[in-house]
Amino acid sequence: MISLVDEQGNLYNTADRKVAVKVEGPGLLQGLGSAKPDSEEPFFDDEHTTFDGKALAVVRPTGAGMIAVTVTADGCTNQTVSIRAH
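Since this is a predicted model, take the numbers as computed values, not measurements.

Caption draft 1: Spatial organisation of the overall build of the protein chain. The helix and strand tally for the protein chain stands at zero helices and seven strands. Helices and strands appear in the protein chain in the N-to-C order β-β-β-β-β-β-β. Relative to its length of 86 residues, the protein chain is compact, with a C-alpha radius of gyration of 13 Å against a globular reference of 12 Å. Taken over the C-alpha atoms alone, the protein chain extends approximately 40 × 30 × 15 Å along its principal axes. Buried residues in the protein chain amount to 26% of all 86 residues. In the protein chain, once contacts between residues fewer than 6 apart in sequence are set aside, the share between residues at least 24 apart is 58%.

Caption draft 2: Representation of the nonpolar core. If you look at the biggest cluster of nonpolar residues, it comprises 11 residues: Ile2, Leu4, Val19, Val21, Leu32, Ala55, Ile67, Val69, Val71, Ala73 and Ala85. Where this core is concerned, the elements lending two or more residues are β2 (18-24) and β6 (65-73). The greatest single-element share of this core, amounting to four residues, is contributed by β6. When neighbours within four sequence positions are excluded, valine 71 is seen to be in contact with Ile2, Val19, Ala20, Val21, Asn78 and Gln79.

Caption draft 3: Examining the sheet that holds β6 more closely. Pairing in this open sheet of four strands is antiparallel, and the strands run β4-β2-β6-β7 from one edge to the other. The strands lining the two open edges of the sheet, one partner per strand, are β4 (47-49) and β7 (79-85). In this sheet, adjacent strand axes meet at a mean angle of 25° when their direction is disregarded. With six bridges connecting them, β2 and β6 associate as antiparallel partners.

Caption draft 4: Representation of the sheet that holds strand β5 (residues 54-61) within the structure. Reading across from one edge, β1-β5-β3 is the order of the three strands in this open sheet, with antiparallel pairing throughout. This sheet does not close on itself; its edge strands, each paired only once, are β1 (2-3) and β3 (27-33). Across two bridges, β1 lies against β5 in antiparallel orientation. Paired with isoleucine 2 across the two strands is alanine 55, which belongs to β5.

Caption draft 5: Just the side chain of histidine 48, in detail. Summarising the element assignment, histidine 48 is placed in strand β4. Looking at histidine 48, its side chain comes within polar contact range of the side chain of glutamate 41, at 3.2 Å. The contacts of histidine 48, once residues within four sequence positions are left out, are Arg17, Lys18, Val19, Leu32, Gly33, Ser34, Ser39, Glu41 and Pro42.

Each value, and the rule that gives it
- The residue count restarts for each chain, going from 1 along the sequence in the order it is written.
- Only residues with pLDDT of at least 70 are given local features in this predicted model, and only at 80 or more are side-chain atom pairs given and counted; all residues enter the totals for whole chains, interfaces and linings.
- No hydrogens and no water enter the side-chain calculation; it runs on all heavy atoms of the structure.
- For helices the rule is a DSSP run of H or I covering at least 4 residues; for strands it is a run of E covering at least 2, with both sets numbered from the N terminus onward.
- We compute the radius of gyration over the C-alpha atoms and compare it with the globule rule, which gives 2.2 Å times the number of residues raised to the power 0.38.
- Under the scheme applied here, a residue whose accessible area is under 20% of the maximum for its type counts as buried, over 50% as exposed, and between as partly exposed, the area being computed with a 1.4 Å probe on protein chains only.
- The contact criterion used is simple: two residues touch if any of their non-hydrogen atoms lie within 4.5 Å.
- The definition of a nonpolar core used throughout is a set of buried Ala, Val, Leu, Ile, Met, Phe, Trp, Tyr and Cys residues joined through side-chain atoms within 4.5 Å.
- Here, any two strands with at least 2 DSSP bridges between them count as paired.
- Axes, fitted as lines to C-alpha atoms, cover a helix only where it is in contact. Angles between the N-to-C directions of the axes lie from 0 to 180 degrees.
- Each polar contact in these results corresponds to two N or O atoms within 3.5 Å; when the atoms are within protein, one needs to be able to donate a hydrogen and the other to accept it, and residues that are neighboring in sequence are counted only if both atoms are side-chain atoms.

Below you can see the structure in the form of structure tokens.
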């Protein structure tokens, strides 16, 4: 789950923005979406606009090892999470 939050951790849901997801290591971005009912953005792109400050990235492992998932958005600090795939 991707959530736009402010410095205090409050959900920033009043100004949606495009987020980009990059996957490194033994995994791939299977889908990215926001549940916005009228969105025409494809789920298979690596960029998508948030809806009410949220989006969802689905990452599928392709082998064992560490997967790094980095999310970027204009005006936000880049965030990276590591996932260990077995």
